[in-house]
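Survey of secondary and tertiary structure
The lines below spell out each chain.
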Amino acid sequence: MSKTNIGWIGLGTMGAPLAQRLLDAGHPVTGYNRSKEKEAALKAAGASIASTPAEALTNTDILFLMVSDDRAIWDVFSGDDGLLSAKASGKLIINMSTVSPAISRDFATVCREQGNEYLDAPVSGSVKQAQEGQLVIMVGGTAAAYAKATPVLELLGKLVLHIGDSGAGNTAKLAINLLLSFHAQGLAEAVIFAQHHGIKTEDFLTIMNNGALGNVFGKIKGDAILNDNYKPAFALKHIVKDLRLAKAEGWNTPLAEVAFQSFQEAQARFGEEDIIAIKKQLDG
Ligand code: NAP
């Protein structure tokens, strides 16, 4: 594969290992992060650093965005020195952030008007999968842009799937994260029930992981509960954001309502900690 000039905006928990993978694969990478200290590791690994989002776009063929939320996407595009001020054309912008389908549809249109292409390509998986190129990537946008993006996306994911038009990737991601919230709350409730009835957590997790309900999420988050380790891989504040986005899309099913309420309460106390800190919230 010829080496594509890659830009990467958002070097947080997920963005940093993903940009590093593309650098390790031999692509020239230009990074940008709003807080400058998060650029240091990528720079030390050999990447260039842009001083603004506009500069990152100008210097690259494919620009990835991996930032928090709709507000962040809005700032990256429309802020001072944002992408729209670059007046660059012929670029492909791939937004991997979990954001609303609506903002993807809007910026896909704006990008097209400027002679650029836009894909929404949110991911399922967390830090470990990002480091190992094992994410599941769901893509919304045109078939032509998808074809252009695929060789690079395949360096980041074990599965890359074109879901539909702009925003379809974001919609699929909200569905997955709704289920994720049910899993986290369910695991926490089951562990608490077992603990309160004298079952050792280690034994409960061993039973669960070896039965039909065993899965990767339960294994990783079960270990986190066992080790009292709530360091964020996927922060509580992000699942609340996603449940809010799902609600805005009309999701008001019974479990969705309970999860939204429950995770909002957890965010008030443990918002910067991992999603499985819901266990501490439910435990009182
Ligand atoms: P994170 O560690 O909190 O990083 C967020 C990034 O967004 C940082 O680079 C931050 O810059 C940037 N940002 C926030 N507001 C901004 C703004 N207004 N303007 C410019 N940049 C802004 O989050 P993360 O865990 O990497 O998650 C990133 C996205 O991936 C989220 O949408 C999340 O839902 C999704 N996701 C996360 C996981 C996971 O396991 N962590 C898994 C799948 C999907 P600063 O450093 O300056 O704050």
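Residues numbered from 1 in each chain as written. Predicted model: local features only at pLDDT ≥ 70, side-chain atom pairs only at ≥ 80, totals over all residues. Heavy atoms only, no water.

**Looking at the nonpolar core**
- Counting residues in each nonpolar core, the largest one holds 32 residues, and the members touching the most others are Trp8, Phe64, Ile94, Met96, Ile137 and Leu153.
- For this core, the elements supplying multiple residues, two or more each, are β1 (6-9), α1 (15-24), β4 (62-65), β5 (92-95), α6 (127-132), β8 (135-140) and α7 (143-153).
- Looking at this core element by element, the count peaks at 5 residues for α7.
- Every residue in contact with Met96, bar those within four places of it in the chain, is listed here: Trp8, Leu18, Phe64, Leu65, Met66, Ala121, Pro122, Val123, Ile137, Leu153 and Leu156.
- Of all hydrophobic cores here, the second largest spans 29 residues; its members include Ala184, Leu205, Val240 and Ala266. (Core = buried A, V, L, I, M, F, W, Y, C linked by side-chain atoms within 4.5 Å. Buried < 20%, exposed > 50% of the residue type's maximum accessible area, 1.4 Å probe, protein only. Helix = DSSP H or I, 4+ residues; strand = E, 2+ residues; numbered from the N terminus. Contact = heavy atoms within 4.5 Å.)

**Overview of the side chain of Gln281**
- Its place among the elements puts Gln281 in helix α13 (residues 278-282).
- Of the polar contacts made by the side chain of Gln281, one reaches the side chain of Arg269; its length is 3.1 Å. (Polar contact = N/O pair within 3.5 Å; in protein donor to acceptor, adjacent residues only side chain to side chain.)

**Structural notes on empty space enclosed by the protein**
- Tallying each qualifying case throughout the model produces 1 cavity of 30 Å³ or more.
- What the largest cavity holds in volume is close to 50 Å³.
- For the largest cavity, the full set of lining residues is Leu178, Leu243, Ala246, Lys247, Trp251, Ala256, Glu257 and Phe260.
- Those elements giving two or more residues to the lining of the largest cavity turn out to be α11 (236-248) and α12 (254-270).
- Among the residues making up the lining of the largest cavity, the classes are represented as 6 nonpolar, no polar and 2 charged. (1 Å grid on protein atoms, 1.4 Å probe; cavity = no way out; pocket = protein on both sides within 12 Å on 5 of 7 lines; lining within 4 Å. Points joined across faces, edges and corners; volume = space filled by probe spheres on them. Nonpolar A, V, L, I, M, F, W, Y, C, P; charged D, E, K, R; others polar.)

**Some points on the packing of aromatic side chains**
- As enumerated under the stated definition, the model contains 4 aromatic pairs in all.
- Seen in terms of ring centroids, Trp8 and Phe64 are 4.5 Å apart; in terms of plane orientation they differ by 10°. Their pairing is stacked. With Trp8 in strand β1 and Phe64 in strand β4, this residue pair connects regions lying 56 residues apart in the sequence.
- Assessed through its relative accessible area of 0%, Trp8 is described here as buried.
- In this structure Phe64 comes out as buried when scored by relative accessible area, which is 0%.
- Consider the rings of Trp74 and Phe107, whose centres lie 5.7 Å apart with planes at 55°: the pair is tilted. Separated by 33 residues along the polypeptide, Trp74 in helix α4 (residues 70-78) and Phe107 in helix α5 (residues 101-113) bring together distant segments of the chain. (Phe/Tyr/Trp six-rings, centres within 6.5 Å; stacked < 30°, edge-to-face > 60°.)

**Here we look at the pairing of β1**
- The alternating pattern of β1 places Ile6 and Trp8 and Gly7 and Ile9 on opposite faces, both of which are buried.
- The pairing of β1 with strand β2 (residues 29-32) spans 4 bridges and is classified as parallel. From the neighbouring strand, Ile9 faces β2, where its bridge partner is Tyr32.
- For the segment spanning β1, α1 and β2, crossover handedness is right-handed. (Pairing = 2+ DSSP bridges. Right-handed = clockwise from strand over helix to strand, strands pointing away.)

**Focus on the UniProt feature "domain: 6-phosphogluconate dehydrogenase NADP-binding" (unreviewed entry) in the chain**
- Within this numbering scheme, the UniProt entry marks residues 5-164 as carrying the feature "domain: 6-phosphogluconate dehydrogenase NADP-binding" (unreviewed entry).
- Within the segment residues 5-164, helix and strand shares are 38% and 24% respectively, and the terminal C-alpha atoms sit 26 Å apart. (UniProt positions renumbered as here; feature names shortened; annotations may be inferred.)

**Points about the site of the ligand**
- Neighbouring the ligand are 25 residues; Asn33, Ser35, Lys38, Ser126 and Ala233 lie closest to it.
- Contacts to the ligand include Met14, whose backbone N or O atom sits 2.9 Å from an oxygen atom.
- Note that an oxygen atom of the ligand is positioned 3.1 Å from one of the side-chain N or O atoms of His238.
- When isolated, the ligand has an accessible area of 890 Å², and the protein chains bury 91% of it.
- Of all the secondary-structure elements, those providing two or more residues to the shell around the ligand are α4 and α11.
- Sort the elements by how many residues they give to the shell around the ligand and α4 lands first, with 3 residues.
- Class assignment for the residues of the shell around the ligand results in 9 nonpolar, 11 polar and 5 charged.
- Mapped onto the domain boundaries, the shell around the ligand takes at least three residues apiece from domain 1 (6-165) and domain 2 (172-282). (Near = heavy atom within 4 Å. Areas by Shrake-Rupley, 256 points an atom, 1.4 Å probe, with all protein chains shown as cover. Domains from an automatic or database assignment.)

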